[in-house]
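Residue strings, one per chain:
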Amino acid sequence: MSAEEWRRRFARVRAAGIEGVLVSGGDVEVLSRAAHDEGLEFHRWIWVLNRNGDAWAKENHPEWFTIARTGKSSLEYPPYVGYYKWVCPTREPVREYLSGIVSDLASDPNIDGVHLDYIRHSDVILPVGLWSKYELVQDREYPEFDFCYCEVCRERFQRETGSDPLKLPDPTQDVAWREFRWNTVTELVIGLADSVHAHDKPITAAVFPTPIIARRLVRQAWDRWPLDAFFPMIYHEFYEEGVSWIGTATAEGVAALSPDTPLYSGLYLPTLQPDELTEGISHALSAGAAGISLFEMGGLTDDHLARLAGSD
Ligand SMILES: [Zn+2]
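Summarised in this report is the structure supplied together with it. (Residues numbered from 1 in each chain as written. Predicted model: local features only at pLDDT ≥ 70, side-chain atom pairs only at ≥ 80, totals over all residues. Heavy atoms only, no water.)

### Brief notes about unusual backbone geometry
- Residue C148 is reached from F147 by a cis peptide bond, and omega for that bond is 5°.
- The residue C148 is located in the loop between β3 (113-117) and α5 (151-161) in this model.
- Omega for the peptide link from F295 to E296 comes to -10°, which places this bond in the cis form.
- In this structure, E296 sits in the loop between β7 (291-295) and α10 (302-310).
- Residues other than glycine seldom take positive phi values, yet Y80 does so here, at roughly 70°.
- Considering the arrangement of structural elements, one finds Y80 in the loop between α3 (55-60) and α4 (92-106). (Helix = DSSP H or I, 4+ residues; strand = E, 2+ residues; numbered from the N terminus.)

The structure is reproduced here in structure tokens:
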């Protein structure tokens, strides 16, 4: 789309009370200028550990990709869907590479902040509302969905605990092994935050809906991360919950974070009629959210925008 068309679209959401956009793809200069012209913050949204779109990494570093408990690489055997190709957060060269990417973004004067997505492992268990779509019953952690058993992870865990995770009596029940996966993702995030903060820019992330669900489904202990704001994806229908659950999940996240860290409840527009959007916003704000975020801009109807403009 032309710069003029972007300005028109950004003006439309700004008028309804939206204060910033998280943007992936496109021309940064054109998009950021259009956003800034219309009074919006412009944050760059990137996929972090899911590197399906990274031809260079796939070509040059196939060993960076995570290994399932079956021994298969997510590069060659992506779980669930063809684009689920993930790199291992434990590996130092991976951390340096990703830090370089976020540092380059943060150094760009057009960009107000860096927004991390897919900053986690592949789902060891999918949200319950998606099981039927994939014809799965994930009542426990099955080996083909359980990552990462690469050499670097196995060696480091063995050095730290004396056990090879592949030889644990039941890897799904081992507390230290579970924490190892949480901690290695967190270590990566700490490095990314340092790289972005070095440029005096904020760094934020889209995370799973609550700290407990995030740990259980995707090895994401996000309430331990040193980020400037969190955007939990409180997509209620994925969890077979009603709209009021937006408040319940928001409250859990707010309680887990320090009081000065804002949480913007992430709402999923395809499952929210305009009146439900109003209800969801009200639940989120009553539960302590600093605001809301919406996935995604293209799904905002005029009716949605009218409801947004009417919410405080
Ligand atoms: Zn690994």
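Here the narrative resumes.
### Some points on the packing of helix α7 (residues 211-218) against helix α8 (residues 245-256)
- Contact geometry of α7 with α8 gives a least axis separation of 8 Å together with a crossing angle of 90°. One way to sum up the angle between α7 and α8 is to call them roughly perpendicular. Two secondary-structure elements touch here, α7 through P211, I212 and I213 and α8 through W245, E252, G253 and A256.
- Of the residues assigned to the contact of α7 with α8, the class counts are five nonpolar, one polar and one charged. (Axes fitted to C-alpha atoms, helices over the stretch in contact; angles between N-to-C directions. Parallel < 35°, antiparallel > 145°, perpendicular 65-115°, else oblique. Contact = heavy atoms within 4.5 Å. Nonpolar A, V, L, I, M, F, W, Y, C, P; charged D, E, K, R; others polar.)

### Details of the pairing of strand β2 (residues 41-47)
- Taken together, the four bridges between strand β1 (residues 20-23) and β2 define a ladder with parallel strand orientation. For L22, the partnering residue across the bridge sits in β2 and is H43.
- Two strands pair when backbone bridges link them, and β2 and β3 are joined in this way by five bridges, in the parallel orientation. By the bridge assignment, W47 is partnered in β3 with D117. (Pairing = 2+ DSSP bridges.)

### Notes on the coordination of the zinc ion
- Surrounding the zinc ion are the protein donor atoms C88 (SG), C148 (SG), C150 (SG) and C153 (SG), which sit 2.3 to 2.4 Å from the metal.
- Geometry at the zinc ion is tetrahedral, judged from its four donor atoms and the angles of 95 to 115° they form at the metal.
- Mapped onto the sequence, the donors of the zinc ion take the spacing C-x59-C-x1-C-x2-C. Note that C88 is positioned in the loop between α3 and α4 and C148 in the loop between β3 and α5, a separation of 60 residues in sequence.
- Since its relative accessible area comes to 0%, C88 is described here as buried. (Donors = N, O, S within 2.8 Å, 3.2 Å for Na, K, Ca; no water. Tetrahedral: all angles 85-135°; square planar, octahedral: opposite > 155°, others 65-115°. Buried < 20%, exposed > 50% of the residue type's maximum accessible area, 1.4 Å probe, protein only.)

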